[in-house]
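Each chain, written out:
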Amino acid sequence: MAQRSPVSGPYVTLQRRTWAELSDATEIDLDEATLATLRGIGDPTSGLDIEEVYRPLCQLLHLYMVNTGRLYAQNNEFLHLDVRRTPFVIGVAGSVAVGKSTVSRVLQELLRRAPGEPKVDLITTDGFLYPNAELERRGLLERKGFPESYNRRALLKFVMDVKSGEPRVAAPVYSHMVYDIVEDDQIIVESPDILIIEGLNVLQPARVEADGTHGLTVSDFFDFSVFVDADETHIKEWFLNRFMELRRTAFTDERSYFKPYTELSDDEALEMGSTVWETINGPNLRQNVAPTRERATAILVKGSDHMVDSIRIRKV
Ligand SMILES: Nc1ncnc2c1ncn2[C@@H]1O[C@H](COP(=O)(O)OP(=O)(O)O)[C@@H](O)[C@H]1O
Ligand SMILES: CC(C)(COP(=O)(O)O)[C@@H](O)C(=O)NCCC(=O)O
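Residues numbered from 1 in each chain as written. Chains lettered and ligands numbered in written order. Predicted model: local features only at pLDDT ≥ 70, side-chain atom pairs only at ≥ 80, totals over all residues. Heavy atoms only, no water.

1. Here we look at the UniProt feature "binding site: ATP" (unreviewed entry) in the protein
Logical step 1: Look at the UniProt record and you will see "binding site: ATP" (unreviewed entry) annotated at Gly 94, Ser 95, Val 96, Ala 97, Val 98, Gly 99, Lys 100 and Ser 101. The annotated residues named above include Gly 99 as those lining the largest cavity.
Logical step 2: The topology assignment puts Val 96 in the loop between β2 (88-94) and α4 (100-112).
Logical step 3: Not counting chain neighbours up to four residues away, the residues in contact with Val 96 comprise Leu 200, Ile 235, Phe 239, Arg 242, Trp 277 and Asn 281.
Logical step 4: Along the chain, Gly 99 falls in the loop between β2 and α4. (UniProt positions renumbered as here; feature names shortened; annotations may be inferred. 1 Å grid on protein atoms, 1.4 Å probe; cavity = no way out; pocket = protein on both sides within 12 Å on 5 of 7 lines; lining within 4 Å. Helix = DSSP H or I, 4+ residues; strand = E, 2+ residues; numbered from the N terminus. Contact = heavy atoms within 4.5 Å.)

2. Regarding the nonpolar core
Logical step 1: Within the largest apolar cluster, 81 residues are counted, with the highest numbers of intra-cluster contacts made by Ile 90, Leu 107, Phe 158 and Phe 224.
Logical step 2: Phe 158 has contacts with Ile 123, Phe 128, Val 169, Ala 170, Ala 171, Val 189 and Leu 195, leaving out every residue within four places of it along the chain. (Core = buried A, V, L, I, M, F, W, Y, C linked by side-chain atoms within 4.5 Å. Buried < 20%, exposed > 50% of the residue type's maximum accessible area, 1.4 Å probe, protein only.)

3. With respect to the packing of aromatic side chains
Logical step 1: Considering all chains together, one arrives at 12 aromatic pairs under this definition.
Logical step 2: With centroids separated by 5.4 Å and ring planes inclined at 80°, the aromatic side chains of Tyr 179 and Phe 258 adopt a geometry described as edge-to-face. Taken as a pair, Tyr 179 in the loop between β4 (169-175) and β5 (180-189) and Phe 258 in the loop between α7 (232-248) and α8 (266-289) lie far apart in primary sequence, 79 residues in all. Each member of the pair Tyr 179 and Phe 258 is classed as buried.
Logical step 3: Summarising the aromatic geometry, the rings of Phe 239 and Phe 243 are spaced 6.2 Å apart at their centres and angled 25° between planes, so their arrangement reads as stacked. Pair noted here: Phe 239 and Phe 243 are both in helix α7, with a separation of 4 residues, about one helical turn.
Logical step 4: The class of Phe 243 is buried, set by a relative accessible area of 6%.
Logical step 5: Aromatic rings pair up to connect Tyr 179, Phe 239, Phe 243, Phe 251, Tyr 257, Phe 258, Tyr 261 and Trp 277 into one cluster.
Logical step 6: Directly above the aromatic system of Tyr 130 lies the positively charged group of Arg 138, at a separation of 4.0 Å from the ring centroid. (Phe/Tyr/Trp six-rings, centres within 6.5 Å; stacked < 30°, edge-to-face > 60°. Lys NZ or Arg CZ within 6 Å of the ring centre and 35° of its normal.)

Here it is in structure tokens:
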């Protein structure tokens, strides 16, 4: 019988080993070569993680997909509605540098391999950041990643359009290289079976409108959500390690906004990275991101080595 912590509110907390034992789906697998293409910088996600963490997660997701689809079909039958198929939407939230991209890409790849080979699209919410010029106009250049730095109305419309079964929905694109929105680019989402939406703030509650009402928010359209969690001390370390690695790689590109950082000494660069964490990403994690954790369906709790130690799943 699985060991469960007695008091965890609406969640059941399972240690990694207990969680792993829930799965009997040996067909959910990823080869090492594919996995290597999915890992973010400094992220050690391994074949063992696929087996012990992602297999049970995919099985649980399968249950949600089957039953959500059934409810949707029966609801529409009851209402005599002849509506279009709607994608199953999964939100992936968590701090800067916690490893959301790896989690999202691994899930995308595993779900693609499920029976029926569903079409699984993935978008990141950074495309909905305001362009730097607009952030500057709003006095938000030092607040990139905070909820107010996003065009939340456009993001909500995007998710509603996809969820309403619109056959072709466009999303803007952000470039880490130029540190800005790429004006002439867009991502087209075309009738996926599953859409993964990854971003710092995807679990933010709805804002209070001027008339005192609460509007809708993107997570109202999620069928499942994952929060990637870790202690801030570890995340800051991962952020700094990645920053130092990027200095040796992506930042050396002439087009990189961060090119000047390559001319700093290691100590100066560490100091700079630390300041970015302490003034932007850390406060955003504490004030905005971490408080949304308990809105997720599943919480993956990572230890200092990036390994998922325990998993919390909503039970009610
Ligand atoms: N300055 C940067 N230059 C290039 N790539 C970056 C930079 N910052 C972050 N990235 C990449 O962008 C992606 C998203 O990063 P982030 O928002 O920190 O989320 P996470 O680390 O949780 O996936 C990651 O794949 C990361 O490696
Ligand atoms: C682009 C991000 C805001 C993350 O966006 P997301 O896709 O999570 O919405 C973040 O990765 C980032 O680069 N923050 C920048 C902090 C700064 O250096 O100003």
